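Each chain, written out:
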Amino acid sequence: MERYPDRLFVRLSPVDKARAQEVADRLGISLSDLVRSLVRLAATEPDDTARAVAASRPILLDTGCALRMAKELRKWGVHYNQGIHALNTVALRIRHGDQDFSDMLEATERATATLEETEAAARTMRADMAELIGRPALFL
């Protein structure tokens, strides 16, 4: 009977495989032994492993999550640009006297308040994203 009858297949990028091989070579073990050691370490010392991972503060993202984040950020940008365009149109009509000034001013103030809220949320998002920069990103 084989010592390790179960198999685990892992897909890696060439860079990740090369890094794993470098670590295994430095330790003088095979890639399989490296994976088994990491699994055993994580299983026997889950709190220490969690602290070590937290200390390096990696971000774990899968491709789908990263794509959804990018799509959402693009949508925010599109909506913000549309709001600015609408305000510019309102301002143009006010200057040319196309509509009742008081109604247009009220609509402009409401739109401005909404855009300010959007900008505040975007600033928060930018700050959150800036905090993530410099942290290791682990794409799954």
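Look up: the structure comes first, before these words.
Everything in this summary refers to the structure shown in the same document. (Residues numbered from 1 in each chain as written. Predicted model: local features only at pLDDT ≥ 70, side-chain atom pairs only at ≥ 80, totals over all residues. Heavy atoms only, no water.)

Some points on the overall build of the protein chain
1) Next: Along the protein chain, the regular secondary structure elements total five helices and two strands.
2) Next: Mapped from its N terminus to its C terminus, the protein chain presents α and β elements in the order α-α-α-β-α-α-β.
3) Next: Buried residues in the protein chain amount to 9% of all 140 residues.
4) Next: A fraction of 61% describes how many contacts in the protein chain between residues 6 or more apart in sequence connect residues 24 or more apart. (Helix = DSSP H or I, 4+ residues; strand = E, 2+ residues; numbered from the N terminus. Buried < 20%, exposed > 50% of the residue type's maximum accessible area, 1.4 Å probe, protein only. Contact = heavy atoms within 4.5 Å.)

Let's talk about the packing of aromatic side chains
1) Next: What the rule picks out here adds up to zero aromatic pairs.
2) Next: Here the guanidinium or amino end of Arg36 rests over the ring plane of Tyr4, the centre of that ring lying 3.8 Å away. (Phe/Tyr/Trp six-rings, centres within 6.5 Å; stacked < 30°, edge-to-face > 60°. Lys NZ or Arg CZ within 6 Å of the ring centre and 35° of its normal.)

Looking at the pattern of salt bridges
Working definition: two side chains of opposite charge can pair if their charged atoms are close together.
1) Next: Applying the stated criterion to the full structure yields four salt bridges.
2) Next: Residue Arg19 is joined to Asp16 by a salt bridge in which the shortest nitrogen-to-oxygen separation is 3.7 Å. With Arg19 and Asp16 both in helix α1 (residues 14–27) and three residues apart, the pair spans about one turn of that helix.
3) Next: Classification of Arg19 as exposed rests on a relative accessible area of 51%.
4) Next: Its relative accessible area of 33% is what places Asp16 among the partly exposed residues.
5) Next: Here Arg36 and Asp33 are joined by a salt bridge, their closest N and O atoms 2.5 Å apart. Of the two residues, Arg36 and Asp33 both sit in helix α2 (residues 31–44), three residues apart, roughly one turn of that helix.
6) Next: Judged by relative accessible area, which is 22%, Arg36 ranks as partly exposed.
7) Next: Residue class for Asp33 comes out partly exposed when judged on its relative accessible area of 28%. (Salt bridge = Lys/Arg side-chain N within 4 Å of Asp/Glu carboxyl O.)

Remarks on the environment of Ile94
1) Next: Relative to the assigned elements, Ile94 resides in helix α4 (residues 63–95).
2) Next: Residues Ile94 and Met104, spaced ten residues apart in sequence, show a C-alpha to C-alpha distance of 7.0 Å.
3) Next: Each residue touching Ile94, except ones within four places of it in the same chain, is listed here: Phe101, Met104, Leu105 and Thr108.

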